[in-house]
Amino acid sequence: MSCINEVTLMGYVKDDPMTFDGKNLVIFSLRTTDKWKDKATGEERMADEWHNVVVWNEKLAEIVRKYVKKGQHIHMVGKIKSSTYT
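Please read all numbers here as calculations on a predicted model, not as lab measurements. (Residues numbered from 1 in each chain as written. Predicted model: local features only at pLDDT ≥ 70, side-chain atom pairs only at ≥ 80, totals over all residues. Heavy atoms only, no water.)

For the rest of this paragraph, the subject is the overall build of the protein chain. A count of helical and extended segments in the protein chain gives one helix and five strands. Ordered by position from N to C terminus, the α and β elements of the protein chain give β-β-β-β-α-β. Taking 12 Å as the expected radius of gyration for a compact globule of 86 residues, we find that the protein chain reaches 16 Å, considerably beyond that expectation. Overall, the C-alpha framework of the protein chain stretches about 50 × 40 × 30 Å when taken along its three principal axes. Classification of the 86 residues of the protein chain by burial places 20% in the buried group. Excluding contacts between residues fewer than 6 apart, the proportion of contacts in the protein chain whose partners are at least 24 apart in sequence is 53%. Accessible surface, the protein chain: about 7500 Å² in total, of which carbon and sulfur atoms supply 52%. Distance between charge centroids for the protein chain: 4 Å, based on 14 positive and 12 negative side chains. (Helix = DSSP H or I, 4+ residues; strand = E, 2+ residues; numbered from the N terminus. Rg over C-alpha atoms; globule rule 2.2 N^0.38 Å. Buried < 20%, exposed > 50% of the residue type's maximum accessible area, 1.4 Å probe, protein only. Contact = heavy atoms within 4.5 Å. Areas by Shrake-Rupley, 256 points an atom, 1.4 Å probe, with all protein chains shown as cover. Lys, Arg positive; Asp, Glu negative; His and termini not counted. Charge placed at Lys NZ, Arg CZ, Asp CG, Glu CD.)

On to a nonpolar patch on the surface, then. The grouping of Leu-60, Ile-63 and Tyr-67 at the surface amounts to a nonpolar patch, some 310 Å² of accessible area in total. Structurally, Leu-60 is set in helix 1 (residues 58–67). (Patch = residues over 30% accessible without salt bridge, like charges linked within 9 Å, V, L, I, M, F, W, Y side chains within 5 Å. Salt bridge = Lys/Arg side-chain N within 4 Å of Asp/Glu carboxyl O.)

Among the nonpolar cores identified, the biggest contains eleven residues, and these are Leu-9, Val-13, Val-26, Phe-28, Leu-30, Val-53, Val-55, Ala-61, Val-64, Val-68 and Ile-74. Each residue touching Val-64, except ones within four places of it in the same chain, is listed here: Pro-17, Val-26, Phe-28 and Val-55. (Core = buried A, V, L, I, M, F, W, Y, C linked by side-chain atoms within 4.5 Å.)

Another aspect to go through is the confidence of the model for the protein chain. With 100% of its residues at a pLDDT of at least 70, the protein chain reaches an overall mean of 91. Averaged pLDDT values for the elements of the protein chain fall to 87 in strand 2 (residues 18–20) and rise to 96 in strand 1 (residues 7–13). (pLDDT = per-residue confidence, 0-100.)

Right under this line is the structure:
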């Protein structure tokens, strides 16, 4: 049985993407919102989640720099890679 590491996100870009390491690395934050109905009160609830997106591919980074801007609603597919800090 094979495994898949794929994530699909649709949300709003927090700020214009930032370029690092010359042209090869682009970073931006994406806000997604989870909506549900509270079982106890019946009220609609919402919670925002922020995702730090890192684009490593040079060609894709160029596209992101050119077309992705603050406040845009975007749909993206990628993979999750965890980082640790010391």
